[in-house]
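Topology and contacts: notes
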Amino acid sequence: MRTTHDQMTSPIRIVHYVNQFFGGIGGEERADTELLIREHPVGPGVGIARALGERGRIVATLIGGDNYFTERMDVARSAALEAIERYRPDVVIAGPAFNAGRYGMACGEVCKAVTETLRIPSVTAMSPHNPAVSLYRRSTYILPTGESAASMPHILPRLTAFAHRLAIGDAIGPAEREGYMPRGIRGIILDERSAAQRAAEMLKAKLTGEPYQTEIPVEVFQPVSPAAPLQDLTTATIALVTTSGLVPRGNPDGFKSMNESRWATYPVKHLDALAPDEWEPIHGGYDARFARENPNRVVPLDVLRELENEGVIGRLHADLIVTVGVGTPVEVCQRMGEEIVDELHRANVSAAIFTSN
Amino acid sequence: MQLDVGTFPINSIVFDHHTRLDGDTLRINRHELIQMIQEDPCIERAEIELAIPGESTRIIHVCDAIEPRIKVSGPGVCYPGLMGPVDTVGRGVTHRLGGMAVVLSAEYPRLIETGVGAAHEAILDMSGPGALGPIAHTLNLVLVLALASGYSQGDYNRAVQLAGLKVAHRLAQTTEGKAPPLRRRYELTPVDTTLPKVVYISQFYTQLNLPAPYLTWYGMYITDWMPLWVHPNEILDGALIPGAVGGDAVRPSSWEYVNNPIIARLYEAHGEALAFLGVIVHRTRFEVFEEKQLSANQAAKLAKLMGADGAIVTWIGAGNAFIEGMLTVQALEREGIKTVFMTYEHGGQEGWEAPLMFTVPEADAIISVGSLDRAITLPAVERVIGGDELCLDPEASGERVPAAGELRLPWRLPIASGIDHWGFGRLTCIEY
Amino acid sequence: MRETMRLEMGTFPITEATFGPRTELDGTRLVIDHDELAALVLENGFFRRVRIEIVSPGESARIIHLLDAIEPRIKVEGPGETFPGFLGSVETVGEGRTHRLGGVAVMQSAEIPGRGKGGLLMVREGIVDMTGPGAAYSPFSQTINIVLTLELEPNFSDEEYDRTIRLAGLKAARYLARTTVDRRAPQYRTYDLTISCPALPRVVYVHQIQSQGTFARTFFYGKPLDHLIPTLVHPNELLDGALVSGNYAYQSMKTPTWLHGNNPVIEQLYDRHGRDWNFVGVILSRGHFYGISEKQHSANHVAKLARMWNADGAMITWEGGGNSIIEAMLTIQALERAGIKTTAISYELGGADGTGTPLLLYSVPEADALVSCGTYERPLRLPSVKRVVGGRTIRCDPAKGGHHLPAHQSLQLDTSLQMYCGTNQVGFGRRRGIDF
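Residues numbered from 1 in each chain as written. Chains lettered and ligands numbered in written order. Predicted model: local features only at pLDDT ≥ 70, side-chain atom pairs only at ≥ 80, totals over all residues. Heavy atoms only, no water.

What follows deals with the nonpolar core. Among the nonpolar cores identified, the biggest contains 98 residues, and Tyr200, Trp217 and Val281 of chain B together with Val204 and Met329 of chain C are the most heavily contacted of them. Beyond its immediate chain neighbours, meaning those up to four positions away, Val281 of chain B contacts Ser202, Phe204, Ile222, Pro227, Leu228, Val230, Ile235 and Leu240 of chain B. By size, the runner-up hydrophobic cluster in this structure holds 93 residues, among which are Trp279 of chain A together with Leu66, Val90 and Val203 of chain C. (Core = buried A, V, L, I, M, F, W, Y, C linked by side-chain atoms within 4.5 Å. Buried < 20%, exposed > 50% of the residue type's maximum accessible area, 1.4 Å probe, protein only. Contact = heavy atoms within 4.5 Å.)

Written out as structure tokens, the structure is:
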């Protein structure tokens, strides 16, 4: 386990990970090399040690073959973790890997493992185009580099300085200010300027053609294509699914009126209609008076039961499926949607009528 | 916003096997149109008749008259929100069939017995003293609609209106791919900045408590709205049209909306005598005086923000809605905006009574477009379209009279387009 | 050329407020006659009791059950009155001279019975912390707050409570501002849209408000904006209190009356008027239409107005959450498609730990210049405080029936939805989201 470090007195301890090439073992022909340990700086580590000076030292360099690490990842990861734990570093540095795919994976995996398992901070560096970036940027700090080792002299001092700050427990600020690749975490900070002032400045830049950077990047949503129509309604089982937040009175599952991430099923098998003294809308995003007066307005159970009795549809599914669709992120909605579809498939439901509010 | 309106003048309409435009003759497959109309379950039966100016013909139960218009290039559709999405209109190329209208005739069941929501009789005579408004002088394709029972007034209104719009659209489609004989460009080009800047404030009453609050803007009912600054081209493309509950004298037809002569005149003068700034669509007939005053003040302030030096104010409706008209004139004049107000007069059957129900001292430039109150006798006609009987006073007697006979009207309210709110004609009142 | 609308705003900065024998202004000290103010508040008969308290910045204090916040303002010259339609006629305001007490807010605090439990149209808890981590969420941790805690007479309707509480607040605000009449203000500023440099780009402010029904409503000259179709207004009308808030649905995303009169975006647009651009006016619009066609229409109409107004640029802010971002985004899209460069201020999502995606419920690719004003989604721990104003307990989760927590204790909140103006989007604050 990591020990607390006194920034003023003791130099920091670093474990550095490199591949067989930067570790001086050999090229592609030695890509199967199993984990080796050197208790001194190797390759880029020499540059790191130089940049570090008296502030700390590399206590061990781990060298792993590119194929060894990516093809036998479980074994390689365990071996690396075991070694690193033994050297009790304050921080782990991996790479830089530039645009080397397998090396990038190994660096990402080492950093992820030490951070998640040993709770030791880690940092690596690679090209923004390295495929490992998308896999590991959420798990560790990745500093951007050029495509090749030509950018080595430029990156090593930055990598070292960053590692040193991690080791002494310095608070790391936002990605754009600190220069690492965003880890998919939105932090909330206090800016120096008010939002109105920033919006005015951004508008000025936009009007004069100067560069500007949006503070909230937008995602483009994928359109949802509808399923094919049913061939025969008279044999179909139809389910009612709603995001209107209509629940049995008393809200037995304690649904929130906003930003809910759960869904539930409620039996409606023996009901001809939804009675206002038995059901209530708890959704916090629309004027629910009309649904409260007559819950069938948001979940048309009455009409569907009639259609079932008339034989227009085969059968109405026994359960009503409910969530509260307000302020819930799309990612969560997608997850719930998939779960609900699984549930409906299990019950051999042929189609669903989806009502919002 | 640049709009080219191409006009195809129609000189005759004949029924034929194929709907098509043949020079200035519009050939119509009546059967095809009837089928299209009858798809709507609210409409039990439809018939199509032709009414020609100068004929001894009377159309009764008139709900609206629609000019066939179609968007052939540019964003949106004509009559947006009702006939297509709400994309902003007023750009590109629009085709119209000139000199004709699709007239809607339907007798509404008396779901709303009395008051402003009740459907009232409207009569359109194609000749004689009752041929007052512009739609008495167009070739009229009349859709006679028998309404199915069991629907609401709102449903009927929408069904009747859509029947008219769909037929108008189908007829205007005959112009696609053809070069219009007449073409006119509408654009508020930058002009000499020293010219006086003029805004047109067009007031419309609406009643938001009714099932069909009468007026729609891009298909949305105009409800509790503040004055709206719009581009005149939007109106030319049919963004603003009335509902189809009844087309009596104080409710201009859709045809008149898209052919508003004040907009046409202001466009002609734009860059010559004045700079036309645009139109303020101004909802009136608020229930509370404070709201009337606020909407008048806001219209004047909007005109001021637009930089107006002068304004023309028109209104429609009767009674209540007139108060906003006067208050708006007052608010404009107080802001230093020179204002001309156009209105019909009352004055009673003989012209002895007070011409206006409410006035403000600032209203010193009023154009009169005639009187609503003068009695008129419509002579007997040879042919009636839309039914055999009509009921002129459902609230009082409910008496039904033969539609073909002489009709002695105590005032002009039952005449479709009987009041010339926007100055198509030259009728006025002068003191004797 | 006729005169343009010109408003002179005189500010009397207040550094201290106390109770005293007579309501008056003593330099920068506001002295309040407690009993006279209480009598004014109680005169309508809807309140059994009022407790008036002064809460100052830096105090270990928490204000709860907060409804509106109103700045004391009074018209001293020119047409109309401040807060027109409520305190005076509907005469168009925005000209002449207005006085304000700088750094003061009058607030109403009341526990309105949650009869129509569930749904949007109910009053939700609103909290201001004057110190500690909660203080950054609200501009009112920085103002001297005159809090009117109203004990309601029973058995009136929601509409009656709503209206009388609002009038009590507005009247109290004017009463306090009356101390400035016949005095010369230490600071004056003139607000005027006259264009002196026509070559500069023309910029409009699109101010999208929320107005859906009782307790989620905004008023313009006293008239509810539930049916608003976008219209052009003069910013000076807003500086004179033409917009009044009655929006208590989600206290974090609301714009109280105080902020409508001190809108930071209008302030920025005026500050740079004649230098970076010509500020040409405000387009007032509303969100939360129920149909997509109405939403699209509203957006289209804003863009068309801006185009007819020859705008080159626009700033847009919106009130409320969820649904209303659709109008806002469609408006950005329509503006950008009309060639009008647009920036906007928005709160973001991100979940409890900042890893949730997407950050916005709805967006368009054209929204490429957004400024973040933080999020309500992170949990928040408020420390205990010495003094609580407005009640004793905090009402949590009204949709689940409501449970009460002692308000002076430390509070662990799942989200900051109850933090008064915590994600308000007119941009007063400095909180923002950023990638880590």
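Take the packing of aromatic side chains next. Residues and elements named next belong to chain A. For the structure on display, the rule yields 33 aromatic pairs over all chains. With a centroid separation of 6.3 Å and an interplanar angle of 80°, the aromatic rings of Tyr266 and Trp279 are classed as edge-to-face. On the criterion of sequence distance, the pair formed by Tyr266 in strand S10 (residues 264-267) and Trp279 in strand S11 (residues 279-281) is long-range, its members being 13 residues apart. The class for Tyr266 is buried, based on a relative accessible area of 6%. (Phe/Tyr/Trp six-rings, centres within 6.5 Å; stacked < 30°, edge-to-face > 60°. Helix = DSSP H or I, 4+ residues; strand = E, 2+ residues; numbered from the N terminus.)

This next bit is on the interface of chain C and chain B. The parts lose accessible area when they come together, and the size of an interface is often stated as this lost area. Each partner contributes residues to the interface: chain C has 30 residues there, and chain B has 37 residues. Summed over both partners, the interface of chain C with chain B buries about 3100 Å², with 61% contributed by carbon and sulfur atoms. Linking chain C with chain B are five salt bridges. Between Lys223 of chain C and Glu291 of chain B there is a salt bridge, and its shortest N-O distance comes to 2.6 Å. Of all elements in the fold, only strand S17 (231-233) and helix H6 (292-308) of chain C reach the threshold of two or more residues within the side of chain C that touches chain B. The dominant element in the side of chain C that touches chain B, judged by the number of residues it contributes, is H6 of chain C, at 10 residues. (Buried area = accessible area lost by both parts, 1.4 Å probe. Salt bridge = Lys/Arg side-chain N within 4 Å of Asp/Glu carboxyl O.)

Before going further, it helps to examine the sheet that holds strand S16 (residues 220-221) of chain B. Residue and element names in this part refer to chain B. On the basis of which strands lie adjacent, the open sheet formed by three strands has the order S16-S15-S18 and antiparallel pairing. Every other strand in the sheet has two partners, leaving S16 and strand S18 (240-242) as the edge strands with one partner each. Where strand S15 (residues 215-217) meets S16, two bridges bridge the pair, whose relative direction is antiparallel. Each residue of the ladder has a partner; that of Thr216, found in S16, is Tyr221. (Pairing = 2+ DSSP bridges.)

Moving on, we get to the interface of chain C and chain A. The interface is formed by 69 residues belonging to chain C together with 65 residues belonging to chain A. Buried area between chain C and chain A, summed over both chains or domains, comes out near 5800 Å², and the portion from carbon and sulfur atoms is 60%. On the chain C side of the contact with chain A, Arg430, Arg432 and Phe436 of chain C bury the most area, a combined 16% of that side's loss. Taken together, the connections running from chain C to chain A amount to eight salt bridges. For the pair chain C and chain A, the interface holds 25 residue pairs in polar contact (both at pLDDT 80 or more). Contributions of two or more residues to the side of chain C that touches chain A are made by helix H5 (264-271), strand S20 (313-318), strand S21 (341-348), strand S22 (370-375) and strand S28 (431-435) of chain C. The biggest single contributor to the side of chain C that touches chain A is S21 of chain C, with seven residues. For the side of chain C that touches chain A, the per-class residue count stands at 34 nonpolar, 18 polar and 17 charged. As judged from the five bridges shared by strand S7 (residues 186-190) of chain A and S28 of chain C, these two strands associate in the antiparallel manner. In the sheet register, Ile189 of chain A faces S28 of chain C, and the bridge partner there is Arg432 of chain C. (Polar contact = N/O pair within 3.5 Å; in protein donor to acceptor, adjacent residues only side chain to side chain. Nonpolar A, V, L, I, M, F, W, Y, C, P; charged D, E, K, R; others polar.)

Attention now moves to the layout of surface pockets. Computed from the structure, the second largest pocket encloses a volume of approximately 1400 Å³. Around the second largest pocket, the lining is made up of 37 residues, and of these Lys197 and Met306 of chain B together with Arg202, Trp309 and Asn310 of chain C lie nearest the centre. Looking at the lining of the second largest pocket, the elements with two or more residues in it are strand S19 (275-284) and helix H6 (289-305) of chain B together with strand S19 (278-286) and H6 of chain C. The element that contributes the greatest number of residues to the lining of the second largest pocket is S19 of chain B, accounting for three residues. Tallied by class, the residues present in the lining of the second largest pocket amount to 19 nonpolar, nine polar and nine charged. (1 Å grid on protein atoms, 1.4 Å probe; cavity = no way out; pocket = protein on both sides within 12 Å on 5 of 7 lines; lining within 4 Å. Points joined across faces, edges and corners; volume = space filled by probe spheres on them.)

What follows deals with the domain arrangement of chain A. Splitting chain A by domain gives domain 1 (12-178) and domain 2 (233-355). For domain 1 of chain A and domain 2 of chain A, the distance between their C-alpha centres works out to 51 Å. (Domains from an automatic or database assignment.)

Our focus in this paragraph is the packing of helix H8 (residues 195-208) of chain A against H5 of chain C. At a minimum axis separation of 8 Å, H8 of chain A and H5 of chain C run at an interaxial angle of 45°. Overall, the two elements H8 of chain A and H5 of chain C adopt an arrangement that is oblique. Along this stretch, H8 of chain A crosses H5 of chain C, giving a crossing that reads as right-handed. Between H8 of chain A and H5 of chain C, the residues in contact are Ala196, Gln197 and Ala200 of chain A and Pro264, Val265 and Gln268 of chain C, respectively. A per-class count over the contact of H8 of chain A with H5 of chain C returns four nonpolar, two polar and no charged. (Axes fitted to C-alpha atoms, helices over the stretch in contact; angles between N-to-C directions. Parallel < 35°, antiparallel > 145°, perpendicular 65-115°, else oblique. Left-handed = near helix turned anticlockwise from the far one by under 90°.)

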